[in-house]
Amino acid sequence: MVTPHSPYLGRFAPTPSGHLHFGSLLAALASYLDARARQGLWLVRMEDLDLPRNKPGAADHILQTLAAHGLTWDGEVLAQSEHEPRYQRQIDTWLEQGLAYYCDCSRSDLAAHKGIYPGTCRERHLPPSPQHAVRLRVSSEELGFTDRLQGYFSQQLERQTGDFVIRRRDGVIAYQLAVVMDDIAQGVTDIVRGADLLDSTPRQLWLYRLLGAPAPTYLHIPLMMARRGEKLSKRLGSAPIEASQAPASLFAALTALCQQPPARMRSAPVEQILAWAVAHWQPQQLPARHEILMDAQGPTDLR
Ligand code: GLU
């Protein structure tokens, strides 16, 4: 149980594969408010390991847009790409211990297994090769946690994911490993993020276990979906958030998060909107379902 005096350390961890859009503003805002309402620290970490997917200028746009919305972070922004050898060392340790192994299965080899790795390379003892993926062994036990909003969620990894990739065939360190190693290294206690990551969490719990660190508390917020059931994306017109529209965007985001901001906040300065939102943050008001439905054009306030 967290007391008002326990240190709270939260974070927002965007991938700079695109500009900040309304859906990512929701995750940033919810994690910021949760941290500040608990007198906690809030970090920003750039998850930029997938170099081919990084979009030029996106990281700067994300940081500038957060700042324009008053979402100021503590300390330096950590960029994962600057710490690559650290992840590789951990992978090497697990390879030596036999907890991880090389895998040369192709996408088409795996297609028939619906994303659940059948263990093809588990006992093949393939020699090291930079062209092979590296997979981590999982167990048959049930790994579960109680999400602050979604309730109890668990998976039996052996059955539901199989041994999973920690380094891809193209050499990129997998998100699952990097996110957990960094959350541990930075001392993150509370994770607030989109519900699309709910089913990554049991794999991450397994990594916490192997790394000997306590898992954080989780709150997975619903995703923005267009009414016809698709996730709002750039394709659906969720254009990059404009710094000049910051008060309207914050107001719309608070409304989407069911925080019921008073109408006078609609055009207040961002500092005032955030001060109100921190003082009135009610995570239990968030819709517990996985989706916030919107018209495909986005929230009315921003049209
Ligand atoms: N980098 C991930 C993303 O942009 C989020 C990671 C996380 O919050 O765990 O989807």
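Residues numbered from 1 in each chain as written. Predicted model: local features only at pLDDT ≥ 70, side-chain atom pairs only at ≥ 80, totals over all residues. Heavy atoms only, no water.

Engineer: Explain the site of the ligand here, please?
Structural biologist: In the vicinity of the ligand, the contacting residues are R11, A13, T15, E47, Y175, V179, R193 and L197. In this structure, T15 approaches the ligand through a side-chain N or O atom, which is 2.9 Å from a nitrogen atom. One of the side-chain nitrogen or oxygen atoms of E47 is found 2.6 Å away from a nitrogen atom of the ligand. Contact with the protein chains hides 79% of the accessible area of the ligand, taken as 300 Å² for the molecule alone. Here the residues of the shell around the ligand are counted per class, giving 4 nonpolar, 1 polar and 3 charged. (Near = heavy atom within 4 Å. Polar contact = N/O pair within 3.5 Å; in protein donor to acceptor, adjacent residues only side chain to side chain. Areas by Shrake-Rupley, 256 points an atom, 1.4 Å probe, with all protein chains shown as cover. Nonpolar A, V, L, I, M, F, W, Y, C, P; charged D, E, K, R; others polar.)

Engineer: Just checking my understanding: could you explain the pattern of salt bridges for this structure?
Structural biologist: In a structure, side chains of opposite charge can pair up when their charged atoms sit close to one another. Scanning all chains against the criterion turns up 14 salt bridges. For R38, the salt bridge is made with D190, and the minimal N-O distance between the two is 3.7 Å. Here R38 is found in the loop between helix 1 (22–37) and strand 2 (41–46), whereas its partner D190 is found in strand 9 (residues 190–194), with 152 residues between them in sequence. Among the residues examined, R38 registers a relative accessible area of 26% and is labelled partly exposed. Note on D190: relative accessible area 4%, which makes it buried. For the salt bridge of D183 with R45, the shortest nitrogen-to-oxygen distance reads 2.8 Å. With D183 in helix 6 (residues 175–186) and R45 in strand 2, the pair connects residues that are 138 residues apart, well separated along the chain. The two residues D183 and R45 agree in class, both being buried. (Salt bridge = Lys/Arg side-chain N within 4 Å of Asp/Glu carboxyl O. Helix = DSSP H or I, 4+ residues; strand = E, 2+ residues; numbered from the N terminus. Buried < 20%, exposed > 50% of the residue type's maximum accessible area, 1.4 Å probe, protein only.)

Read these as layout, nothing more, since geometry by itself doesn't imply function.
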